[in-house]
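Fold and geometry: a report
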Amino acid sequence: MTNTSATAITAEQIKVILSDILRSELNRIIDAQNAGEPIDDDELDLQIQSLTDQGDDMRHHARKNDFRLVDQIARDAAARLGITLPEDLPSSLGRRVTDLARDILDLEVKALDGYDAVTEAADSVARFSALPVDDFVRTKPVTLSAAWAKTLELYPTRDMRGNIDAIAKVALAFFGDVPVATITTDRQTEFFKWMSRLPKSHGKGHGKNRFCPDAPKDASKALITKDDEIEAADEADYVATEALRDRDDLSDLEKRALLSEQLVPRLTNSTLKRNRDGLSRLMKGARALGCTDLPEVISYRDVERIVKALGEEKQDPLYLRVVQSKIRMPWTEERLSQLLTSPIYAGCFSENRRWRPGNVIIRDAFYWVPLIVMMIGSRIKEILLLKRRNIIWRNGEYCFILGQGADQPGKTDDAYRVVPIPQILLDLGFIQWWKGLDDAHGPLLFPEAANRSAVGNVTEPFSKAYYIILNHLDLGDVDEDFYALRKTFHSLLRAADVADGQRQAIAGHRTGSIMNIHYTAHRTKELKEAVDKANFDLTIGYSEQHGFPIILSCGLSKGSPLSVDVTLADDGTASEIVVIEDGKAPRKFATINAATGQKIEPIELCSLASAFKELTDKRTMRFPKHPLKRQAVEHFRALG
């Protein structure tokens, strides 16, 4: 006996299951009729009577909500469609399968009695499709995997393939390989709610790498599902939240600030919206395959509403959905100084320990590429793909040719340009280094960066390796990341009053109707003056030990680095700031009176902030990574 209570099966799923049953049975009946094998009348009468009896049995069972006679028919169809049915067949499905099965039995009786099966099936087919019977029986439901394959044909570029593959893999993990017609707006809502809980790093714990690309070293990692990753992230968040919940020495705002640094980052709203666009493309792929009953794709506003509803459901003052959206701010002078005087440029321990001070300076991609990106505002990929022959002498200046050739495609046509090499790079001996490369080096300027990639994506593996170095140098930052060095260049030139058109031409942005190649190729002397206006305040001198020029100092910030931490008050301002300097006792700046628990008077606050500002001016500072904490420090500094 089936369960007559409501079950988790949608009207669209019921429709495609019924359509599949009808299509399968019609194919069988029509093929048998077309075969035309002769059967004597007595045998026909027996077959007709048997079919009639089956229909009567189904009717009698259905009166009692007993659908055991059609249970297997429904499950076979659902299995073909990738739909999982409940253990007990839902009565809403059982009744309709029974009705359809009896109609099919009547149709088969008529076919045995000499009627044309195609003609007699027209009314039954019309309930599920506008197609003629012949077309209906030949057309299968468009599944998610079929739509995926077709969508890749419609959008064949490499960048689009990555976006399409991303949403298709996640959709298959959630829905299974179901007919696209069953992915209704209600199901999409469930999907995006589930997807908003996915860790940002999902799919990266498989244990595969360039040494074992097909299977992980640890076989158990191959069994990790998206649901497993969500469950692990939720458990980690629960542990972190409960550890702070009962602490009386912290306000809820401070707890949330701490949690924002401890909780597992989930997919950003931008990623969810990009996946929404990917789902829309999958629907277009399904339409191209002939699917006509496609559901509407939910909107951006719906995606935002779904994410917002997660927090409202929790009703927990400490609930946070942590993401790592990139604001990409220009690097501060303190961080630039810290990078340019780090062991990468001052001397490191070894090739694999570039963050440790030592006597080795390795002039390769990790040395030159960040310098070039920050000094001409180029895209990282453009520099990583530079060939040795992309360095030229034009109008009395050494120049880079960027974005040239089919193997060095730019983001736009304006990416093809000629950019003078900045004087800082010339002073550091870049041209001498370039001229000293031997034939074994190969045609690329930075082959070691390209060799990190096995799939043609040169930027990602290089950036990951560089981020490891930045993290060891305490320079890892979500907003001021490697790519943000490009923004830093624009900020420095803007501060030097370089015209927008020149900045855009150098960086490869569109400049009105003039192509950059025409502009940059003939104005190299003007552009050389422009790029050299980016002031990094470096002192460069020849090193006898290394045999080439090195960075001796950076005047953007002076003194040894200061580590700054802050405790937030309920209003988001600093209640206490702690400054730690190597070899000295920590200095504390408390804005709360310990005796009264109240904020100190404004005059005293400004005086305290002035002392903090005097201590930190012209010094390299390691700010807290959390934006609220960093803002609180900068606000306090502004009061001085």
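The structure reproduced in this document is the subject of the present report. Being a predicted model, the structure only gives us computed values, none of them experimental.

Focus on the overall build of the chain
The number of helices and strands found in the chain is 28 helices and eleven strands. Taken across its 640 residues, the chain has 46% of its residues classed as buried. Considering only intrachain contacts with a sequence separation of at least 6, the fraction spanning at least 24 residues in the chain is 67%. Just so you have it, the chain exposes about 32,800 Å², and 50% of that area is on carbon and sulfur atoms.

Concerning the sheet that holds strand β4 (residues 397-402)
Strand order in the open sheet formed by three strands is β3-β4-β5, and the pairing between neighbours is antiparallel. Whereas interior strands pair on both sides, the edge strands pair on one side only; in this sheet they are β3 (391-394) and β5 (417-420). Neighbour-to-neighbour, the strand axes of this sheet turn through a mean angle of 40 degrees, independent of strand direction. Of the strands in this sheet, β3, β4 and β5 are in contact with helix α26 (residues 524-531), which crosses β5 at around 55 degrees.

Considering the packing of aromatic side chains
Applying the stated criterion to the full structure yields 19 aromatic pairs. Seen from their ring centres, F174 and W194 are 5.1 Å apart, and the 45 degrees between their planes marks the pair as tilted. Of this pair, F174 sits in helix α9 (residues 158-175) while W194 sits in helix α10 (residues 185-195), placing them 20 residues apart in sequence. When the ring of W393 is compared with that of Y398, the centres are 4.8 Å apart and the planes differ by 75 degrees; the resulting orientation is edge-to-face. Residue class for W393 comes out exposed when judged on its relative accessible area of 56%. What links up through ring pairs into an aromatic cluster is the set Y345, Y367, W368, F400, F430, W433 and F446. Just above the ring of F136 sits the side chain of R23; from NZ or CZ to the centre is 4.5 Å. Between the NZ or CZ atom of R363 and the centre of the ring of F548, over which it lies, the distance is 3.8 Å.

Observations regarding unusual backbone geometry
A positive phi is found at N65, a non-glycine position, where the angle reads about 55 degrees. Looking at where N65 falls in the secondary structure, it is placed in the loop between α2 (41-63) and α3 (68-81). Unlike most non-glycine residues, N395 shows phi in positive territory, near 55 degrees. Looking at the element boundaries, N395 is found in the loop between β3 and β4.

Re helix α4 (residues 91-112)
Over its 22 residues, α4 runs 31 Å from end to end, which matches the ideal 32 Å to within 8%, given 1.5 Å per residue. Once α4 finishes, G114 follows within two positions and takes phi at roughly 105 degrees, a positive value.

Concerning the side chain of S575
Tracing the backbone shows S575 in strand β9 (residues 574-581). Residue S575 is classed as buried on the basis of its relative accessible area, which comes to 13%. Setting aside anything within four residues of it in sequence, one finds S575 in contact with T567, L568, A569, F589, A590, T591 and I592.

What about the sheet that holds strand β10 (residues 587-590)?
An order of β10-β9-β8-β11 is seen for the four strands of this open sheet, with the pairing classed as mixed. Of all strands in the sheet, those with a lone pairing partner are β10 and β11 (621-622), marking the two edges. Two elements, strand β8 (residues 562-568) and β11, share two bridges in a ladder whose sense is parallel. Considered in β11, the bridge of S563 is made with R622. Sheet strands in contact with helix α28 (residues 627-638) are β8, β9, β10 and β11, and its direction is about 100 degrees off that of β8.

Examining the nonpolar core
If you look at the biggest cluster of nonpolar residues, it comprises 73 residues, and the most contacted ones within it are I17, L26, L85, L93, F191 and M195. Non-local contacts of M195, meaning those with residues more than four positions away in its chain, are made with V170, L267, L272 and N275. Counting 67 residues, the second largest nonpolar core, distinct from the first, contains M375, L385, F400 and A534.

A short note on the environment of Q324
Take Q324: it is sitting in the loop between α14 (300-314) and α15 (333-340). For the pair Q324 and R266, spaced 58 residues apart in the sequence, the C-alpha separation amounts to 7.8 Å.

Rules used throughout
- Residues numbered from 1 in each chain as written.
- Predicted model: local features only at pLDDT ≥ 70, side-chain atom pairs only at ≥ 80, totals over all residues.
- Heavy atoms only, no water.
- Helix = DSSP H or I, 4+ residues; strand = E, 2+ residues; numbered from the N terminus.
- Buried < 20%, exposed > 50% of the residue type's maximum accessible area, 1.4 Å probe, protein only.
- Contact = heavy atoms within 4.5 Å.
- Areas by Shrake-Rupley, 256 points an atom, 1.4 Å probe, with all protein chains shown as cover.
- Pairing = 2+ DSSP bridges.
- Axes fitted to C-alpha atoms, helices over the stretch in contact; angles between N-to-C directions.
- Phe/Tyr/Trp six-rings, centres within 6.5 Å; stacked < 30°, edge-to-face > 60°.
- Lys NZ or Arg CZ within 6 Å of the ring centre and 35° of its normal.
- Expected span 1.5 Å × (residues − 1).
- Core = buried A, V, L, I, M, F, W, Y, C linked by side-chain atoms within 4.5 Å.

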